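Now for the letters of each chain:
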Amino acid sequence: MDAAGEENRREMKLEEAFEKLDDMLAELESGDISLEECFERYQEGMKLLKQCNDIIDRVEKKVLKLNGSGELEEL
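Residues numbered from 1 in each chain as written. Predicted model: local features only at pLDDT ≥ 70, side-chain atom pairs only at ≥ 80, totals over all residues. Heavy atoms only, no water.

Visitor: Explain the overall build of the protein chain residue by residue, including any values.
Guide: A tally of helices and strands in the protein chain yields 2 helices and 2 strands. Helices (α) and strands (β) of the protein chain occur, in sequence order from the N terminus, as α-α-β-β. For the protein chain, buried positions account for 16% of its 75 residues. Counting only contacts in the protein chain whose residues sit at least 6 apart along the sequence, the fraction spanning at least 24 positions is 46%. Counting only carbon and sulfur atoms, one obtains 53% of the accessible surface of the protein chain, whose full area is about 6,100 Å². (Helix = DSSP H or I, 4+ residues; strand = E, 2+ residues; numbered from the N terminus. Buried < 20%, exposed > 50% of the residue type's maximum accessible area, 1.4 Å probe, protein only. Contact = heavy atoms within 4.5 Å. Areas by Shrake-Rupley, 256 points an atom, 1.4 Å probe, with all protein chains shown as cover.)

Below, the structure written as structure tokens:
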């Protein structure tokens, strides 16, 4: 898989994680779940946030910038 395909795949995973976090937040805010289920959602959400941060960190390390002579440099 080329670099662009790999980035798109990561992006989809990140978007899916954010969507799942949004769904979990709505569920928690609804008040229709037990306290035990709230703790389970919270733990799952914290794991998802860590995954998102890890993905973002990896992508940030790969970001390139164009220097004055027209060459790409890693930030």
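Structure's up, so let's keep going.
Visitor: An account of the side chain of arginine 41 is needed here, citing residue identities and associated values.
Guide: Along the polypeptide, arginine 41 turns up in helix 2 (residues 35-62). A distance of 3.0 Å separates polar atoms of two side chains, one belonging to arginine 41 and the other to glutamate 27. (Polar contact = N/O pair within 3.5 Å; in protein donor to acceptor, adjacent residues only side chain to side chain.)

Visitor: Describe the pattern of salt bridges, with residues and values.
Guide: By the definition in use, this model includes 4 salt bridges. For the salt bridge of arginine 41 with glutamate 27, the shortest nitrogen-to-oxygen distance reads 3.0 Å. In this pair, arginine 41 sits in helix 2 while glutamate 27 sits in helix 1 (residues 3-30), placing the two residues 14 residues apart along the sequence. Here arginine 41 falls in the buried class, since its relative accessible area comes to 18%. Using a relative accessible area of 27% as the deciding quantity, one classes glutamate 27 as partly exposed. A salt bridge links aspartate 54 to lysine 50, with the nearest nitrogen and oxygen atoms 3.0 Å apart. In this pair, aspartate 54 and lysine 50 are both assigned in helix 2, 4 residues apart and thus about one turn of the helix distant. (Salt bridge = Lys/Arg side-chain N within 4 Å of Asp/Glu carboxyl O.)

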